[in-house]
Amino acid sequence: MPALSGRYLLMNESQLTILDGTVNDAWFNTGTAGQGFLFTVLPTWRLMFLAWFTFDTEQPDPDTPYMIGSPDHRWLTALGEIQGNQALLDIEVTTDGTFNVSDPAASQSPGGVIRVEFHDCGNATLHYQTDDPPRGNSVAIARIADNVALCESDADP
């Protein structure tokens, strides 16, 4: 079993056996409106990239000023290895940047681990464990865009 950031994540078998570019898409959990994931699979390198658009663990003070977006938006990224129908990813947290300028420079730091298990072309389970704050959960996710037919046609022998 592969280790990520010193932790072991269990792996189970499911219907979709190989990850390729046909799962590239926007995905979400129906219970968390306004949040979601973008997946990019790089099959040649057996890698998957994930962008997670979410919110902070608590709402900021209503008087907190902001120019673009909300001060509670949090975007996390992750990259990791594909193994069969799953991807094991290390989370990176980006902080300290300012919109569309290079100074101050944004910085990245490790933020936890994610395992994405694809059940079929339109459904997956995302298991995560964040470092700060320490949180973990599993959430069912589904495709937003309608690329399921392409994925299913690619899966047929």
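Quick summary incoming for the structure in this document. (Residues numbered from 1 in each chain as written. Predicted model: local features only at pLDDT ≥ 70, side-chain atom pairs only at ≥ 80, totals over all residues. Heavy atoms only, no water.)

Thoughts on the overall build of the protein chain
1) Next: When helices and strands are tallied, the protein chain shows one helix and ten strands.
2) Next: The helix and strand sequence of the protein chain, counted from the amino end, reads β-β-β-β-β-β-β-β-β-β-α.
3) Next: Counting every position in the protein chain, which comprises 157 residues, the buried fraction comes to 34%.
4) Next: Sequence-distant contacts in the protein chain: of pairs separated by 6 or more residues, those separated by 24 or more amount to 48%.
5) Next: Per element, the accessible surface of the protein chain, about 9,500 Å² overall, is 55% carbon and sulfur. (Helix = DSSP H or I, 4+ residues; strand = E, 2+ residues; numbered from the N terminus. Buried < 20%, exposed > 50% of the residue type's maximum accessible area, 1.4 Å probe, protein only. Contact = heavy atoms within 4.5 Å. Areas by Shrake-Rupley, 256 points an atom, 1.4 Å probe, with all protein chains shown as cover.)

Notes on the packing of aromatic side chains
1) Next: Evaluation of the coordinates by the stated rule reveals six aromatic pairs.
2) Next: The interplanar angle of 45° and the centroid separation of 5.6 Å between the aromatic rings of Trp27 and Phe39 together place this pair among those described as tilted. Of the two residues, Trp27 sits in strand E3 (residues 25–28) while Phe39 sits in strand E4 (residues 36–42), which places them twelve residues apart along the sequence. Like Trp27, the residue Phe39 is buried in the burial classification.
3) Next: Ring plane angle 20° and centroid distance 6.3 Å describe the contact between Phe37 and Phe39, whose orientation is recorded as stacked.
4) Next: What links up through ring pairs into an aromatic cluster is the set Trp27, Phe37, Phe39, Trp52, Phe118 and Tyr128. (Phe/Tyr/Trp six-rings, centres within 6.5 Å; stacked < 30°, edge-to-face > 60°.)

Brief notes about the nonpolar core
1) Next: Counting residues in hydrophobic clusters, the biggest one holds 25 residues, and the most contacted among them are Phe39, Met48, Leu50, Ile114, Val116, Phe118 and Leu126.
2) Next: When contributions to this core are tallied by element, the ones reaching two or more residues are E4, strand E5 (47–55), strand E6 (73–83), strand E7 (86–95), strand E8 (107–118), strand E9 (123–130) and strand E10 (135–143). (Core = buried A, V, L, I, M, F, W, Y, C linked by side-chain atoms within 4.5 Å.)

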